[in-house]
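# Observations on the three-dimensional arrangement
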Amino acid sequence: MRIAAVGDVHGHENLAAVAADLEGLGPVDLLLLAGDTTDRNDLDGFEVVLRMVRGRVSAPIAAVFGNNEYAKDHPTYVARFEEPYRVRFLQDESDRWTVGGSSVRVIGSLGALDRPTWWQRKNLPHLAEEYRRRIGVLDDLLAGDDRRILLTHYPPTYATMGAEKEEWRPELGCKALEPVLLRRRPDLVIHGHVHKGIAQADLRPSMSRIDDFTEPPVSVPIHNVAYPVRRKVSIFDL
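First, a word on scope: everything that follows refers to the structure included in this document. Being a predicted model, the structure only gives us computed values, none of them experimental. Numbering of residues begins from 1 in every chain and follows the order in which that chain's sequence is written. pLDDT decides what is reported in this predicted model: residues at 70 or higher carry local features, side-chain atom pairs at 80 or more are listed and counted, and totals for whole chains, interfaces and linings draw on all residues regardless. Heavy atoms from the whole structure form the basis of all side-chain values; hydrogens and water molecules are not counted.

## Thoughts on the layout of surface pockets
Every definition here rests on a 1 Å grid over the protein atoms only: cavities are sets of points where a 1.4 Å probe fits but cannot get out, pockets are open sets enclosed by protein on both sides within 12 Å along at least five of seven lines, and lining residues have some atom within 4 Å of a point. Grid points are joined across faces, edges and corners, and a volume is the space filled by probe spheres set on the points. Empty space within the largest pocket amounts to approximately 830 Å³. If you trace the largest pocket, you find 33 residues lining it, with G66, N67, Q120, Y131 and Y154 closest to the centre. For helices the rule is a DSSP run of H or I covering at least 4 residues; for strands it is a run of E covering at least 2, with both sets numbered from the N terminus onward. Going through the elements one at a time, α4 (118–123) and α5 (127–141) are the ones with two or more residues in the lining of the largest pocket. Broken down by element, the residue count for the lining of the largest pocket peaks at 4 residues, all from α5. Asp, Glu, Lys and Arg are counted as charged, while Ala, Val, Leu, Ile, Met, Phe, Trp, Tyr, Cys and Pro are counted as nonpolar; the rest, among them Gly, fall into the polar class. Taken together, the residues of the lining of the largest pocket sort by class into 13 nonpolar, 11 polar and 9 charged.

Below, the structure is given as structure tokens:
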């Protein structure tokens, strides 16, 4: 199964570059959009991106919302775009795609932050509890031994933070999800959001518990597909 993924297109900002990438992409079985497809909740800009993608990619699309797709309008995004553009918006839920006998389950979510941003704390104080609740929801959704991809906008780890400042990291991603990833072991973790991050990292146990030494060593591959980081649409062969 050949999977393409990109995040942080930000509407017209990266539209032409992403279009050029998709022109030479070749056939794919599934396209993942990792949020911030548009900028500042511009629904028309979101449609421009989808129209561009649909002119070049016929595969199903699984998408999550980013912080630039405002929560109050998520139902509008779904009603306006899901059926006409064959986009499956995953909002703390999972869906399965099967191609040629190969199957993958995608668990999709905006993700969580360890600490809501200053603006969120001032204007959306309920988000702190929402982020805590979401950790448990994703833990449950990731259960199983089938082939699984976790798709989020916010990074569910600090492993791919790169040059992002240490003091800002709790407002950029969720280190509290790292134990969940190490226990559930999804085949791939794909996210966006951090523009100063690195493209790829392997999340490994901290080796701070006795169990870390008694259990077989594991790592979980983490991929930051934000377009400002990779400057290309990413391909994964499962």
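So that's the structure; there's more coming.
## Focus: the pairing of strand β7 (residues 148–152)
Only protein chains enter the accessibility calculation, which uses a 1.4 Å probe; a residue whose area is less than 20% of its type maximum is buried, one above 50% is exposed, and one in between is partly exposed. Counted residue by residue, β7 has 5 buried out of 5 residues, so it is predominantly covered. A two-sided burial pattern is seen for β7, the buried positions comprising R148, L150 and T152 on one face and I149 and L151 on the other. Relative to β7, strand β6 (residues 102–109) is paired through 5 bridges, and the arrangement is parallel. Of the residues in β7, the one forming a bridge with R105 is R148. As for the winding sense of the linkage, the β-α-β connection from β7 through helix α6 (residues 178–184) to strand β8 (residues 188–191) is right-handed. Paired strands are those between which DSSP finds at least two bridges. Handedness of a crossover is defined as follows: with both strands directed away from the viewer, a clockwise route from the first strand across the helix to the second makes it right-handed.

## Description of unusual backbone geometry
Of note in the backbone geometry, D8 takes a positive phi value of approximately 60° without being a glycine. Relative to the elements of secondary structure, D8 occurs in the loop between β1 (2–6) and α1 (15–23). Given the relative accessible area of 0%, D8 is considered buried. Residues other than glycine seldom take positive phi values, yet D36 does so here, at roughly 50°. With respect to the helices, strands and loops of the structure, D36 is situated in the loop between β2 (30–33) and α2 (43–54).

## Details of empty space enclosed by the protein
Tallying each qualifying case throughout the model produces 1 cavity of 30 Å³ or more. Taken together, V6, V9, V18, L22, L31, L33, V49, V53 and V233 form the lining of the largest cavity. Residue assignment for the lining of the largest cavity shows that the elements contributing at least two residues are α1, β2 and α2. In terms of residue class, the lining of the largest cavity is made up of 9 nonpolar, no polar and no charged.

## Quick word on the packing of aromatic side chains
Any Phe, Tyr or Trp ring, taking Trp's six-membered ring, that has another such ring centre within 6.5 Å forms a pair; planes under 30 degrees apart are called stacked, those over 60 apart edge-to-face, and the others tilted. For the structure shown, the criterion picks out 8 aromatic pairs. Centre to centre, the rings of F65 and F89 are 4.9 Å apart; their planes meet at 10°, and the pair counts as stacked. In this pair, F65 is assigned in the loop between β3 (61–63) and α3 (74–81) and F89 in strand β4 (residues 87–89), connecting sequence segments 24 residues apart. For the pair formed by F65 and F89, the shared burial category is buried. The rings of F46, F65, Y77, F81, Y85 and F89 are connected pair by pair, giving a single aromatic cluster.

## Some points on the packing of α1 against α2
Any two packed helices are characterised by the angle at which their axes cross and by the distance between the axes. Convention adopted: a line fitted to C-alpha atoms gives each axis, helices being fitted over their contacting stretch, and angles between N-to-C directions are expressed from 0 to 180 degrees. The interhelical angle for the contact between α1 and α2, taken along N-to-C directions, is 15°, at an axis separation of 10 Å. Compared by their axis directions, α1 and α2 come out roughly parallel. Judged by the twist between their axes, the crossing of α1 over α2 is right-handed. Across the interface between the two elements, L15, V18, A19 and L22 from α1 touch V48, V49, M52 and V53 from α2. Residues that form the contact of α1 with α2 fall into these classes: 8 nonpolar, no polar and no charged. Note that the term roughly parallel is reserved for angles under 35 degrees, roughly antiparallel for angles over 145, roughly perpendicular for angles of 65 to 115, and oblique for everything else. Each helix crossing is assigned a hand: it is left-handed if the near helix lies turned anticlockwise from the far helix by less than a right angle, otherwise right-handed if that turn is clockwise. The contact rule is simple, with two residues in contact once any of their heavy atoms fall within 4.5 Å.

## Quick look at the environment of D92
Considering the arrangement of structural elements, one finds D92 in the loop between β4 and β5 (93–99). Along the primary structure D92 and G162 are separated by 70 residues, whereas in three dimensions their C-alpha atoms are 26 Å apart. Apart from the residues within four sequence positions on either side, D92 is in contact with G108, S109, E130, R133, R134, V137 and L141. The term polar contact refers here to a pair of N or O atoms within 3.5 Å; inside protein, the definition further demands a hydrogen-donor-capable atom paired with an acceptor-capable atom, and it admits residues adjacent in sequence only when both atoms are side-chain atoms. Among the polar contacts listed, one links the side chain of D92 to the side chain of S109, at a separation of 2.6 Å.

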